[in-house]
Amino acid sequence: MTTTIVKIVFENDIRRIALQTENAYEHLTQEVSRIYSGRFPNGVQVRYVDDEDDCVTVTSNPELKDAFEMSEATLKLFITPKSAEEEETEYVKVSKDGQRTAILTKQDSKDSAVIVREVEVSPQEENAKSNLDDLEAAKAEEEAKAKQAAKAEEAKKAKAKEAVKAEKEAKTKEKAKKKAEAAKEKAKAKAQKAKKEVERLLKVSEKAAAKAKKEAMKAHKQAEKAAKDAEKAARKAKKQFRAGLSSAFVKDVTYEDGVEVEVGTKITKTWLLKNDGVSPWTSEVYLGKQTKGKLNPVSYFKVP
């Protein structure tokens, strides 16, 4: 079973209730009697303000259904107690200016309703009208406040949206800044590491160069010393070799001493010598004269 939410206004009291869509008027009168027990001994008079700002009385389910269909927002129903003189066949329509009230009745003729009489507005109805005017003014004020609040809320949302956007952009910039700083620090650390590595390699290279230079100098000195030692040893060996050279005369092989020959005759004089020294006669050993006189055609010659 479907229901519809309505507002009921009685004097200064306003309530929201849910009415059954089917037989809504009967359900309304039951709820009003239940809520305001003993306040409506002769029944309930129900009115609402239509789209032409007329205060319309409701006395049946179809009329209340029409009110539901007419209302774009929550339907507001104004209730007052019925007087003992009012009949069920009559209903009241208050003029727009609220100065006069027309009591209408249903007849069997083709016309649905005719004005039977006009009456002065009773104090009770005047109170209802006053409450209605106050409620309408309050409604208008509430609507104006609601519009203003909605506008302020929209502005607040737009401002909040801009703030969120600005915050997001700020976070993005901050993130990019931090990323750039991190990359910069990383590059700096890498450069420092490379610099230290270069310095280390330079030190190693310098150390190796110094070591190599030292070793080269040492090797050079050693080579010089070895050369000097070798030269010294060679001189010593040569000296010893020379000291060990010696020869002894054995005999004249040809032309013994004292043999006369004709002047101008070429002869070959041969001696037999022996090595009586400690050094062997190598290819570098020569024989030469040590006394006066000529030995032609050479002054020395190799040992055969």
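Everything here concerns the structure above.
Residues numbered from 1 in each chain as written. Predicted model: local features only at pLDDT ≥ 70, side-chain atom pairs only at ≥ 80, totals over all residues. Heavy atoms only, no water.

**Q** Any chance you could explain unusual backbone geometry here in plain terms?
**A** Backbone geometry places Glu 11, a non-glycine residue, at a positive phi of 55 degrees. Within the secondary structure, Glu 11 sits in the loop between strand 1 (3-10) and strand 2 (13-20). Residues other than glycine seldom take positive phi values, yet Tyr 255 does so here, at roughly 50 degrees. Looking at the secondary structure, you find Tyr 255 in the loop between strand 9 (247-252) and strand 10 (271-275). (Helix = DSSP H or I, 4+ residues; strand = E, 2+ residues; numbered from the N terminus.)

**Q** Help me understand the side chain of Ser 279 in this model?
**A** Turning to its location among the elements, Ser 279 is positioned in the loop between strand 10 and strand 11 (286-288). At 2.7 Å, the side chain of Ser 279 forms a polar contact with the backbone oxygen of Phe 241. (Polar contact = N/O pair within 3.5 Å; in protein donor to acceptor, adjacent residues only side chain to side chain.)

**Q** Any chance you could explain a negative patch on the surface here in plain terms?
**A** A surface patch of negative charge is lined by Asp 51, Glu 52, Asp 53 and Glu 72. Here Glu 72 is to be found in the loop between helix 2 (61-70) and strand 5 (75-81). (Patch = residues over 30% accessible without salt bridge, like charges linked within 9 Å, V, L, I, M, F, W, Y side chains within 5 Å. Areas by Shrake-Rupley, 256 points an atom, 1.4 Å probe, with all protein chains shown as cover. Salt bridge = Lys/Arg side-chain N within 4 Å of Asp/Glu carboxyl O. Lys, Arg positive; Asp, Glu negative; His and termini not counted. Charge placed at Lys NZ, Arg CZ, Asp CG, Glu CD.)

**Q** It is not clear to me how the pattern of salt bridges should be interpreted in this structure. Could you clarify?
**A** Between side chains of opposite charge, a pair can form when the charged atoms approach closely. Taken as a whole, this structure holds 10 salt bridges when the rule is applied. Between Glu 141 and Lys 145 there is a salt bridge, with the nearest N and O atoms lying 3.3 Å from each other. Note that Glu 141 and Lys 145 are positioned in helix 3 (residues 123-244) at a spacing of four residues, about one turn of the helix. Between Glu 231 and Arg 235 there is a salt bridge, and its shortest N-O distance comes to 3.0 Å. With a gap of four residues between them, Glu 231 and Arg 235 both fall in helix 3, about one helical turn apart.

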